[in-house]
Amino acid sequence: MSRKAALVVVSGLVGKGAPPPQPRVPARGVLHPTAGGFWFLVRLLPGQVPDAFAKAAPAMAEGWQVHAVRVTAYRPGVVRVVASATDPLREPRVPRQREAVQPLRVAVGALETGTQWVIDLREVPHWLIVGATRSGKSTLINALVAGLAPQPVALVGVDCKGGMELSLYGPRLSALATDRRQAVKLLSALVDLTLDRMAVCRAARVRNIWGLTEEDRPTPVVVIVDEIAELFLLASRSEKDEAQAAGTALIRLAQLGAALGVFLIVAGQRVGSDLGPGVTALRAQLGGRVCHRVADPGTAEMALGDLNPDAIKAAQAIRPDQAGTAVLASGDGWERARSHLVSESQAEATAAEYAHLTPYLPELADFFGSPSAGPAVHLERLDGDNPDAERPRDHT
């Protein structure tokens, strides 16, 4: 009988008489419970990368029998593992307001982690929101407008579908353009407004309007553009100049507006490079991205691809019965979220309730004519309609 040590084969390695190598397990941090699960940190071993843990997330969820596991890079050499026992987006709850409302900051829904979904325009000044019909895009805009209406800000609308969407907020809008011709005039006036504010900041030797005293600080302006494709689509060559002018004005507002108190919310059912180079240039200036369920892969690619390619698959996995669910992307990663349900009637009632807060902007009033007699509160509407008249509705 041979007394030679037997060969040991472990994971393709052959050792002569040696004990099998023991796998090294990465060090796990303290387990932190959350409202819907738990999270912990893992320190990576030499040679390991976060992608390996991200690919193993479905296996972790299956093994732990939880709804989902998300793995994100926490810092170099460390990943954060978050486990959700149930789907927090199935019935998101409106969290209690524990602190005073900050200007230009609105809690519009809930994140997959169970925390608030907050859109803070001071932190991320410009946003792109895409989604197919009945995906929840309009509901998100309703929630955003309802949160901004009580605040000391001016709301300006560009709705080239005849005002069917944004006219709901008519009493709270300082101006509304309902076709491309009016949009070009309004956007050009807003560019002039930013240039005037730039001169004020330069004279005061400050870099933005927040460096001015409260008495000298101009009113922040939030510009909501609904159905961006209507601004760029061309039915004839004669419309080319208008489309280019609208795109150029939007890009200039995106480049200059953040420091000068002008913020953009650009929404659309479809956004693609086929609409023209202006759309791609504008997208580069919109740091906040929200992608609901979309009808074509190109829109998801346009909205999320340049910031976080991994988010595209998550957006394409949103089902038709998950209205309001969206994927948020930034340079730091991506998250799933769902907006609170704010109906058209609720948004309309909120706009009417705070109509008295609609600011008078002399820069726009000088361009479009003086407001009607009485207290200088509202700007003259660009579409010439009476704000109190019946407004059409579009359920999208």
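Cut-offs applied
Residues numbered from 1 in each chain as written. Predicted model: local features only at pLDDT ≥ 70, side-chain atom pairs only at ≥ 80, totals over all residues. Heavy atoms only, no water. Buried < 20%, exposed > 50% of the residue type's maximum accessible area, 1.4 Å probe, protein only. Helix = DSSP H or I, 4+ residues; strand = E, 2+ residues; numbered from the N terminus. Pairing = 2+ DSSP bridges. Salt bridge = Lys/Arg side-chain N within 4 Å of Asp/Glu carboxyl O. Axes fitted to C-alpha atoms, helices over the stretch in contact; angles between N-to-C directions. Contact = heavy atoms within 4.5 Å. Core = buried A, V, L, I, M, F, W, Y, C linked by side-chain atoms within 4.5 Å. Phe/Tyr/Trp six-rings, centres within 6.5 Å; stacked < 30°, edge-to-face > 60°. Parallel < 35°, antiparallel > 145°, perpendicular 65-115°, else oblique. Left-handed = near helix turned anticlockwise from the far one by under 90°. Nonpolar A, V, L, I, M, F, W, Y, C, P; charged D, E, K, R; others polar.

K.L.:
For the pairing of strand 10 (residues 126–130), give the residues involved together with the corresponding values.
P.N.:
Burial runs high along strand 10: five of the five residues are buried. Neither face of strand 10 is exposed, since His126, Leu128 and Val130 on one face and Trp127 and Ile129 on the opposite face are all buried. Relative to strand 14 (residues 262–268), strand 10 runs parallel, the two sharing five bridges. Paired with Trp127 across the strands is Ile265, a residue of strand 14. Here four bridges tie strand 10 to strand 15 (residues 288–291), and the two strands are oriented parallel to one another. Its bridge partner being in strand 15, Val130 is matched across the sheet by Cys291.

K.L.:
Tell me about the pattern of salt bridges, residues and numbers included.
P.N.:
Tallied over the full model, the rule gives six salt bridges. Ionic pairing is found between Arg70 and Glu112, a salt bridge with its closest N-O pair at 3.4 Å. Note that Arg70 is positioned in strand 6 (residues 68–75) and Glu112 in the loop between strand 8 (105–111) and strand 9 (116–120), a separation of 42 residues in sequence. Judged on exposure class, the residue Arg70 and its partner Glu112 are both buried. Where Arg336 meets Glu112, a salt bridge forms, and the shortest distance between an N and an O atom there is 2.9 Å. Of the two residues, Arg336 sits in strand 17 (residues 333–339) while Glu112 sits in the loop between strand 8 and strand 9, which places them 224 residues apart along the sequence. Exposure remark for Arg336: the relative accessible area of 13% places this residue in the buried category. In the salt-bridge network here, residues are joined through shared partners; they are Arg70, Glu112 and Arg336.

K.L.:
Outline the sheet that holds strand 11 (residues 154–159), listing residues and values.
P.N.:
Pairing is mixed across the open sheet formed by 10 strands, whose spatial order is 9-8-17-16-15-10-14-13-11-12. Where the open sheet ends on each side, the last strands, each with one partner, are strand 9 and strand 12 (173–177). Looking at each pair of strands side by side, their axes are set apart by 25° on average, direction ignored. With six bridges joining them, strand 11 and strand 13 (residues 221–226) adopt parallel strand pairing. Looking at the pairing, Asp159 lines up with Asp226 of strand 13. Its contacts with the sheet place helix 4 (residues 180–204) against strand 11, strand 12, strand 13 and strand 14, and it is angled at close to 145° to strand 11. Taken strand by strand, helix 8 (residues 297–304) contacts strand 10, strand 15 and strand 16 (325–330), and its axis lies near 155° from that of strand 15.

K.L.:
Pulling in residues and values, what's your account of the nonpolar core?
P.N.:
In this structure, Ile228, Leu231 and Leu304 are the most contacted members of the largest nonpolar core, which totals 51 residues. Counting residues per element, this core draws most heavily on helix 4, at seven residues. Excluding its chain neighbours within four sequence positions, the residues that come into contact with Leu304 are Arg289, Cys291, Pro309, Ala311, Ile312, Ala315, Val327 and Ala329.

K.L.:
So what's going on with unusual backbone geometry? Residues and values would help.
P.N.:
In this structure, Gln65 takes a positive phi of about 55° despite not being glycine. With respect to the helices, strands and loops of the structure, Gln65 is situated in the loop between helix 2 (57–64) and strand 6. If you check the backbone angles, Leu104 has positive phi at about 65° while not being a glycine. Structurally, Leu104 is set in the loop between strand 7 (78–84) and strand 8. Overall, Leu104 belongs to the buried group, its relative accessible area being 1%.

K.L.:
So what about the pairing of strand 17? Which residues, and what values?
P.N.:
Among the seven residues in strand 17, six count as buried, and that is most of the element. Pairing analysis gives three bridges linking strand 8 to strand 17, with the strands arranged antiparallel. By the bridge assignment for strand 17, Ala110 is matched with Arg338. Sheet topology places strand 16 next to strand 17; six bridges connect them, and they run antiparallel.

K.L.:
So, the environment of Glu123: which residues are in play, and what are the values?
P.N.:
As for its position among the elements, Glu123 is in the loop between strand 9 and strand 10. For the pair formed by Glu123 and Ala258, sequence separation is 135 residues and the distance between their alpha carbons is 9.5 Å.

K.L.:
Describe the packing of aromatic side chains, listing the residues and the values that go with them.
P.N.:
Per the stated rule, a full pass over the model turns up three aromatic pairs. Here Phe38 and Trp64 contribute two aromatic rings whose centre-to-centre distance is 5.8 Å and whose plane-to-plane angle is 50°, an arrangement assigned as tilted. Remark: Trp64 occurs in helix 2 and Phe38 occurs in strand 5 (residues 37–43); sequence separation between them is 26 residues. Exposure remark for Trp64: the relative accessible area of 37% places this residue in the partly exposed category.

K.L.:
Requested: an account of the packing of helix 4 against helix 6 (residues 240–260), with residues and values cited.
P.N.:
At a minimum axis separation of 9 Å, helix 4 and helix 6 run at an interaxial angle of 30°. Our classification of the angle between helix 4 and helix 6 gives roughly parallel. Helix 4 and helix 6 meet at a crossing whose hand is left-handed. Here helix 4 contributes Arg180, Arg181, Val184, Leu187, Ser188, Leu190, Val191, Thr194, Leu195, Arg197, Met198 and Cys201 to the contact with helix 6, which in turn contributes Glu242, Ala243, Ala245, Ala246, Ala249, Leu250, Arg252, Leu253, Leu256 and Leu260. For the contact of helix 4 with helix 6, the residue count by class is 15 nonpolar, two polar and five charged.

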